Amino acid sequence: MKENSETSKWLDAHYDPVANLYTFSSCIALADLHGDGENKLVVGDLGTGSCNMKLKVYRGTGLMSENTLLDLPTGLVSFLMDQHEPRTPAIAVASGPFIYVYKNLRPYFKFTLPPLEVNALEQDVWNQAREVSGAAKISANKKQKIYIISLYTVRATTFEMFSIFDLLFLMLDPQDTEAFVNLHKAQPIRRQTVITCIGTLKKNMADEDAVSCLVIGTESKDVYILDPEAFTILSKMSVPSAPTQMDVTGQFDVEFRITVACRNGNIYILRRDSPKPKYCIELSSHPVGLVRMGKSVVVGCAQETLQGFTQKGKKLWTACLPAPVTTMGVMDLPTRGFQAVLVGLANCEVHLYRDKNLISTIKTPDVVTSICFGRYGREDGTLIMTTKGGGLIVKILKRTAVFDDRDSAPGPPLAQSIRLNIPKKTKLYVDQTMRERENAVAMHRAFQMDLSRLRLAAARAYVKALESSLTPMSSSLSEPLKMNAVVQGLGPSFKLTLNIQNTAACRPVMHLAISFLYDESLYSMRTAFFKIPLLVPGLNYPIDTFVECLSDKGISDIIKVFVLREGKSAPLLTAHINMPVSEGLALN
């Protein structure tokens, strides 16, 4: 097996590439079947898909027992049915419309889903077919009429409204329909749905060894909760599409949540005393994995993303994956207070995520199809995986292993994923909210009035600045200039540098002059007026002059700089320079 630095956290306990285990995460469980404190691995093996379906039990690295299954398993769970001693769990295997319950690895009970109501139109068609088939002579025209009636029936409604007889009838050639009707005419028409997913729900206590109810999802878009002892239907709920995966938490007698991923690409959340979904999560692609970690729901999508949601369907985060998701599982270590999500990928890797942070990567020799983490034998931290080629991998977490919460994948820092601690709503906030609701129109009008006044004041100030040339750039198209000033020195002598630039594309500017206006009782300048040489476009021209501070009172003033054009009274540019306080005279 390929190893990297991350797999040093795991011990390679067992690897059998020819174990001939073909299963998914929904058909694998760990359970103490004999009450001896040693958990066994229970697997619903799919076999070849048409034969060799078996219920296999592993102990350690060897196969302990196996039972033949009549049909493909769609789910497998272990649950406690009663309070009788010894407290050994039962195994429930969902297959077709049936649930096979095994106790002590022996068949114990078989539950059948209740039949659905037969379509009245289908019943009428079959009644007509029986009447015609029972006649002494059957013309080819009447046979064809039977066939055409069935076809029109199917076109008028959907396939999910029909029994298995009608679906088989539609697959036959016209010459075989009479023999089919004669064979099945005495049998009643029944519509039977099948189980698509299965889970367990604690009955009235949250203890690990508490009695649990079975929760099943069916192809007919229904979710049933079964009594663990009598196997009667305690509750029935419906979803808009056929469920494919589910996660159950809570207690039936108190409060529970059933998170269901459906075939239409949405996730629905069912709650107690609500026959319809309470919340809906719309995904951008179909879900291929669904697990619960604490109070959040983690969904693996077909778009190679891993997404986290709250219990009410609010999206928390999204993590991009390097390959499509093949399976998902939960890694729960109560003794360490550690929870994470195991994600099997199509690139022969298993990623371990805590929230959106990738904290470990495990290389595998083949694509992983099922993941189960828990107590196996007497070891708590055991990771069991099956591969696409039928292999079995068992790894044990080292007791010295430490997982860093820091994200090992490249991307934004961890601080970005930390949620802000938003304070609770105060009475003042609620009062202000009520005031805004009651006076919304008046407040909006006052806001629009203030906004208009602000825009008017800004426009007037801008026009005034253009007229008085107070902007750092000239508004004249013939002399486009830009100027900034820099004051250097501590005082009483300051160096004043003016940087002037011609921003025209190719036209030089000439015949310019600079004049300074200042308080002559505070400052004196060696040159208060001088001419500027020709300004070439694009070059910066520094012009220096010196300013002497005459006051010893520690005060300062503004020096105004005007850039003038010969023959014009209005300046091209105006700058106001805030002079610093002369520290030299203040110290004297």
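The chain goes by BBSome complex member BBS1 in an unreviewed UniProt entry, where it is assigned to Oncorhynchus kisutch. Taken verbatim from the UniProt record of the chain, the Subunit (unreviewed entry) comment is "Part of BBSome complex, that contains BBS1, BBS2, BBS4, BBS5, BBS7, BBS8/TTC8, BBS9 and BBIP10. Interacts with the C-terminus of RAB3IP. Interacts with CCDC28B and ALDOB. Interacts with PKD1."

Undergrad: I'd love a proper account of the overall build of the chain, names of residues and values included.
TA: Scanning the chain from N- to C-terminus turns up seven helices and 36 strands. Counting over 588 residues, the chain shows a buried share of 43%. Restricting the contact set of the chain to residue pairs at least 6 apart, pairs at least 24 apart contribute 50%. Surface exposure of the chain reaches about 31400 Å², of which carbon and sulfur atoms provide 54%.

Undergrad: Can you break down unusual backbone geometry residue by residue, with the values?
TA: Cis geometry marks the peptide bond from glutamate 85 to proline 86, where omega comes out at -5°. Within the secondary structure, proline 86 is located in the loop between β6 (75-79) and β7 (90-95). In this structure, lysine 221 is a non-glycine residue whose phi angle is positive, near 70°. Positionally, lysine 221 belongs in the loop between β11 (212-218) and β12 (222-226).

Undergrad: Describe the nonpolar core, and please don't skip the residues or the numbers.
TA: Judged by nonpolar contacts, the single largest core of 29 residues is most densely connected at Ile514 and Phe516. Taken together, the elements giving at least two residues each to this core come down to β29 (481-488), β30 (493-502), β31 (512-517), β32 (523-525), β33 (529-532), β34 (540-549), β35 (558-565) and β36 (573-578). Setting aside chain neighbours within four positions, we find phenylalanine 516 in contact with Leu496, Leu498, Met525, Thr527, Ala528, Phe530, Thr545, Ile559, Lys560 and Val561. The next biggest cluster of nonpolar side chains, apart from the first, holds 19 residues, and it includes Phe338, Leu342, Ile393 and Phe403.

Undergrad: Lay out the environment of isoleucine 555 in plain terms, naming residues and giving numbers.
TA: Within the secondary structure, isoleucine 555 is located in the loop between β34 and β35. By relative accessible area, which is 39% here, isoleucine 555 ends up partly exposed. Along the sequence, isoleucine 555 and proline 580 sit 25 residues apart, while their C-alpha atoms lie 8.4 Å from each other. Residues in contact with isoleucine 555, not counting those within four places in the same chain, are Leu522 and Val581.

Undergrad: Please give an account of the sheet that holds β30 that cites residues and values.
TA: A sheet is described by the order of its strands in space; here four strands give the open sequence β29-β30-β34-β32, paired in antiparallel fashion. Of all strands in the sheet, those bounded by a partner on one side alone are β29 and β32. Between one strand and the next, the sheet's axes are offset by a mean angle of 30°, whatever the strand orientation. As defined by bridge partners, β29 adjoins β30 across eight bridges and the pair is classed as antiparallel. From the neighbouring strand, lysine 482 faces β30, where its bridge partner is glutamine 501.

Undergrad: Outline the packing of aromatic side chains, listing residues and values.
TA: Tallied over the entire structure, the rule returns five aromatic pairs. Summarising the aromatic geometry, the rings of phenylalanine 109 and phenylalanine 231 are spaced 4.7 Å apart at their centres and angled 15° between planes, so their arrangement reads as stacked. Remark: phenylalanine 231 occurs in the loop between β12 and β13 (233-238) and phenylalanine 109 occurs in strand β9 (residues 106-112); sequence separation between them is 122 residues. Classification of phenylalanine 109 by relative accessible area gives partly exposed; the value is 35%.

Undergrad: How would you summarise the pattern of salt bridges if you had to cite specific residues and measurements?
TA: Side chains that carry opposite charge are capable of pairing whenever their charged atoms lie near each other. Taken as a whole, this structure holds 16 salt bridges when the rule is applied. Between lysine 236 and aspartate 222 there is a salt bridge whose closest N-O contact spans 4.0 Å. In this pair, lysine 236 sits in strand β13 while aspartate 222 sits in strand β12, placing the two residues 14 residues apart along the sequence. Owing to a relative accessible area of 10%, aspartate 222 belongs among the buried residues under this scheme. A salt bridge links arginine 271 to glutamate 255; the nearest nitrogen and oxygen atoms lie 3.5 Å apart. With a gap of 16 residues between them, arginine 271 in strand β16 (residues 266-271) and glutamate 255 in strand β15 (residues 255-262) connect regions that are remote in the sequence. In this structure glutamate 255 comes out as partly exposed when scored by relative accessible area, which is 32%.

Conventions we followed
- Residues numbered from 1 in each chain as written.
- Predicted model: local features only at pLDDT ≥ 70, side-chain atom pairs only at ≥ 80, totals over all residues.
- Heavy atoms only, no water.
- UniProt positions renumbered as here; feature names shortened; annotations may be inferred.
- Helix = DSSP H or I, 4+ residues; strand = E, 2+ residues; numbered from the N terminus.
- Buried < 20%, exposed > 50% of the residue type's maximum accessible area, 1.4 Å probe, protein only.
- Contact = heavy atoms within 4.5 Å.
- Areas by Shrake-Rupley, 256 points an atom, 1.4 Å probe, with all protein chains shown as cover.
- Core = buried A, V, L, I, M, F, W, Y, C linked by side-chain atoms within 4.5 Å.
- Pairing = 2+ DSSP bridges.
- Axes fitted to C-alpha atoms, helices over the stretch in contact; angles between N-to-C directions.
- Phe/Tyr/Trp six-rings, centres within 6.5 Å; stacked < 30°, edge-to-face > 60°.
- Salt bridge = Lys/Arg side-chain N within 4 Å of Asp/Glu carboxyl O.

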